[in-house]
Amino acid sequence: MAEGSQSAPEAGNDMGNDDAIGGNVSKYIVLPTGYCGLPKKGHLIFDACFESGNLGRVDQVSEFEYDLFIRPDTCNPRFRVWFNFTVENVKESQRVIFNIVNFSKTKSLYRDGMAPMVKSTSRPKWQRLPPKNVYYYRCPDHRKNYVMSFAFCFDREEDIYQFAYCYPYTYTRFQHYLDSLQKRNMDYFFREQLGQSVQQRKLDLLTITSPENLREGAEQKVVFITGRVHPGETPSSFVCQGIIDFLVSQHPIARVLREYLVFKIAPMLNPDGVYLGNYRCSLMGFDLNRHWLDPSPWVHPTLHGVKQLIVQMYNDPKTSLEFYIDIHAHSTMMNGFMYGNIFEDEERFQRQAIFPKLLCQNAEDFSYSSTSFNRDAVKAGTGRRFLGGLLDHTSYCYTLEVSFYSYIISGTTAAVPYTEEAYMKLGRNVARTFLDYYRLNPMVEKVAIPMPRLRNKIEVQRRKEKSPPYKHPLLRGPAGNYPNGKGDKKSSVNHKDPSTPF
Ligand SMILES: [Zn+2]
């Protein structure tokens, strides 16, 4: 979530001093009270000591029930949303209830049917749990905090199970992705290191354009895109990858866009936060999207590097910085949508609405009606607001938000949960919307070449990869009476999720 959301109703749940959590659990074995022997099958082992992992503490409530605590962002206890942990040493048909008890937010898409993600050793593709096994409610046992409980049945003893808030997208995955692009030796794709994070991770900058646009003295129309300033907002990376994949492809539209525009993309602005499994902050506990006004080269080095480059481009008479888009994910809204700025100049304001309107025509998951324009004081330090004030009337700055959960197609009530592929598709649609914006459609026919029919092959491959389902948790017996779902606000929308055949 880009922007704000720290207003009073969202400031949320107090954690209290007695809940202080230092780091992630590391192969933490939960033994029954009074048990002294070696761990047996069914004595669960929790672990979050891996990249982007997050689980701070486990309390066993009963044989079947566990309270789980999110580890707060490093150096900033206010933010507790992202979780990502493994469970192993399970017994076949072992049924459990996991309660995530210390979210820092009160509003959540869990109220609308969102469910945690799960995968396991033998089923490595992430699936969403069925919403009927997920409960979100105010819990008297936890200082009336909002608690998300989910029921699960372990079915394969040798499997390691992993649960996460949303599809993870790690720094290492991102580096491998960029490495694979580099190996393709495309003469219109350039990767450079713009800077380093506090923990010495790379701040990558990609340039995608025809080599002619990079000749000495060439005039450039630049689209600048950034992502993952908020590390827990993993959908940002999938959208960004969708944009990049499309722009480097041989699609006729991509070829025209490369001829006409220079795309500068910094897909991961907060690599330390991503690596550490933070939700919103950097290693040192800063929400980088509040520090655009005066980023420090020591404390906010990645932000400082990107801002310097943007200012330098702005001051270059040969460069026209036309768009700045910062990609985020939203924890309470459905669909994709944008935030833009408010300008005194009515014509500029109207022109700013054009890109989101065009995107709405290209992407069924993008909502123009959720798109809004504001100048709240609390958002003054965001990239969109700062650059909107710096750049002149020919530039447009947006925050692109996409739901952590689902989208509702206009004219229907069915909430379609996002998949990794659906996030990437939104990215492709963002990219192709520049063709409409610049009215470059006539140029596409000139460069069009017959494309191989890949679609069916991809479909066949996908069907082959489909994982077998997890067993239904069977909410009966000792675990069956809990939770009763009181206070749980169930969604009125239908759930259509082809990927959860439980
Ligand atoms: Zn955000």
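Calculation rules
- Residues numbered from 1 in each chain as written.
- Predicted model: local features only at pLDDT ≥ 70, side-chain atom pairs only at ≥ 80, totals over all residues.
- Helix = DSSP H or I, 4+ residues; strand = E, 2+ residues; numbered from the N terminus.
- Buried ≥ 20, exposed ≤ 12 C-beta atoms within 10 Å, placed from the backbone.
- Contact = placed C-beta atoms within 7 Å.
- Pairing = 2+ DSSP bridges.
- Axes fitted to C-alpha atoms, helices over the stretch in contact; angles between N-to-C directions.
- Core = buried A, V, L, I, M, F, W, Y, C linked by C-beta atoms within 7 Å.
- Domains from an automatic or database assignment.
- Left-handed = near helix turned anticlockwise from the far one by under 90°.
- Nonpolar A, V, L, I, M, F, W, Y, C, P; charged D, E, K, R; others polar.
- UniProt positions renumbered as here; feature names shortened; annotations may be inferred.
- Parallel < 35°, antiparallel > 145°, perpendicular 65-115°, else oblique.
- Expected span 1.5 Å × (residues − 1).
- pLDDT = per-residue confidence, 0-100.

**Section: the overall build of the protein**
Of the regular secondary structure elements, the protein holds 12 helices and 22 strands. A burial count over the protein gives 46% of its 502 residues as buried. For the protein, contacts bridging at least 24 residues in sequence account for 77% of all contacts bridging at least 6.

**Observations concerning the sheet that holds strand E16 (residues 319-330)**
On the basis of which strands lie adjacent, the open sheet formed by eight strands has the order E12-E13-E15-E14-E16-E19-E17-E18 and mixed pairing. Whereas interior strands pair on both sides, the edge strands pair on one side only; in this sheet they are strand E12 (189-196) and strand E18 (372-374). Adjacent strand axes in the sheet meet at a mean angle of 25°, parallel and antiparallel pairs treated alike. Here eight bridges tie E16 to strand E19 (residues 396-403), and the two strands are oriented parallel to one another. Following the sheet pairing, His328 is matched in E19 by Glu401. Along the sheet, helix H3 (residues 235-247) contacts strand E13 (202-208), strand E14 (220-227), strand E15 (262-266), E16 and E19; its crossing angle with E16, the most-contacted strand, is approximately 140°.

**So, the nonpolar core**
Counting residues in each nonpolar core, the largest one holds 120 residues, and the members touching the most others are Ile100, Ile225, Ile243, Leu247 and Leu257. Looking at this core, you find at least three residues from each of domain 1 (10-165 + 472-495) and domain 2 (171-444). Sequence-distant contacts of Ile243, that is, excluding residues within four places in its chain, are made with Ile225, Gly427, Val430 and Ala431.

**Some points on unusual backbone geometry**
At Ser93, a residue that is not glycine, the phi angle is positive and equals roughly 65°. The residue Ser93 is located in the loop between strand E5 (84-88) and strand E6 (94-100) in this model.

**With respect to the pairing of E12**
The sheet contact formed by E12 and E13 spans seven bridges and is antiparallel. Its bridge partner lying in E13, Phe190 is registered against Thr207.

**Section: the packing of helix H4 (residues 252-260) against helix H10 (residues 420-437)**
One can describe the packing of H4 onto H10 by two numbers: an axis separation of 10 Å at closest approach and a directional angle of 65°. Helix-helix and strand crossings are classified by hand; for H4 and H10 the assignment is left-handed. Taken together, the residues of H10 that come into contact with H4 (itself represented by Ile253, Val256 and Leu257) are Ala431, Arg432, Phe434 and Leu435. Here the contact of H4 with H10 is composed, by residue class, of six nonpolar, no polar and one charged.

**Things to note about the sheet that holds strand E3 (residues 57-60)**
Across the sheet, which stays open at both edges, the five strands sit in the order E3-E4-E6-E10-E9 with mixed pairing between neighbours. Sheet topology places E3 and strand E9 (134-139) at the edges, where each strand pairs with a single neighbour. For this sheet, the mean inter-axis angle between neighbouring strands, taken without regard to orientation, is 25°. The pairing of E9 with strand E10 (residues 145-154) spans six bridges and is classified as antiparallel. Residue pairing for E10: Arg138 is matched across the bridge by Tyr146.

**Description of the UniProt feature "active site" (unreviewed entry) in the protein**
Feature annotation in UniProt assigns "active site" (unreviewed entry) to the following positions: Glu401. Within the fold, Glu401 resides in strand E19.

**Some words on the packing of H3 against H10**
Between H3 and H10, the shortest axis-to-axis distance is 7 Å and the interhelical angle comes to 50°. As far as their axial angle goes, H10 and H3 are oblique. In the crossing of H3 with H10, the sense of the turn from one axis to the other is right-handed. Counted together, Pro235, Phe238, Val239, Cys240, Gln241, Gly242, Ile243, Asp245, Phe246 and Leu247 of H3 and Glu420, Tyr423, Met424, Lys425, Leu426, Gly427, Arg428, Val430, Ala431 and Arg432 of H10 form the full contact between these two elements. Looking at the contact of H3 with H10 residue by residue, the classes come out as 12 nonpolar, three polar and five charged.

**Some details on helix H9 (residues 383-390)**
Among the eight residues in H9, six count as buried, and that is most of the element. Among the residues of H9, Gly383, Arg384, Arg385, Phe386, Leu387 and Gly388 are the ones counted as buried.

**Looking at the environment of Phe355**
If you trace the backbone, Phe355 turns up in helix H8 (residues 354-362). Classification of Phe355 as buried rests on a count of 21 C-beta atoms within 10 Å. The spacing of Phe355 and Met338 is 17 residues in sequence and 9.8 Å in space, taken between C-alpha atoms.

**Observations regarding the environment of Thr170**
Topologically, Thr170 is positioned in the loop between strand E11 (161-164) and helix H2 (171-183). Owing to 19 C-beta atoms within 10 Å, Thr170 belongs among the partly exposed residues under this scheme. Thr170 sits 107 residues away from Gly277 along the chain, and the two C-alpha atoms are 8.8 Å apart. Excluding anything up to four places from it in sequence, Thr170 contacts Glu51, Ser52 and Val274.

**Things to note about H10**
Helix length check: H10 (18 residues) gives 26 Å between terminal C-alpha atoms against 26 Å at 1.5 Å per residue, within 8%. Across the 18 residues that make up H10, a large majority, 13, are buried.

**A few points about the confidence of the model for the protein**
The predicted model of the protein has a mean per-residue pLDDT of 87, with 85% of residues at 70 or higher. Residue range residues 2-12 is modelled with pLDDT below 50. Its contacts to residues more than four positions away, or to other chains, number 23 contacts. Segment residues 474-502: pLDDT under 50, and 51 contacts once partners within four positions in sequence are set aside and those in other chains are kept.

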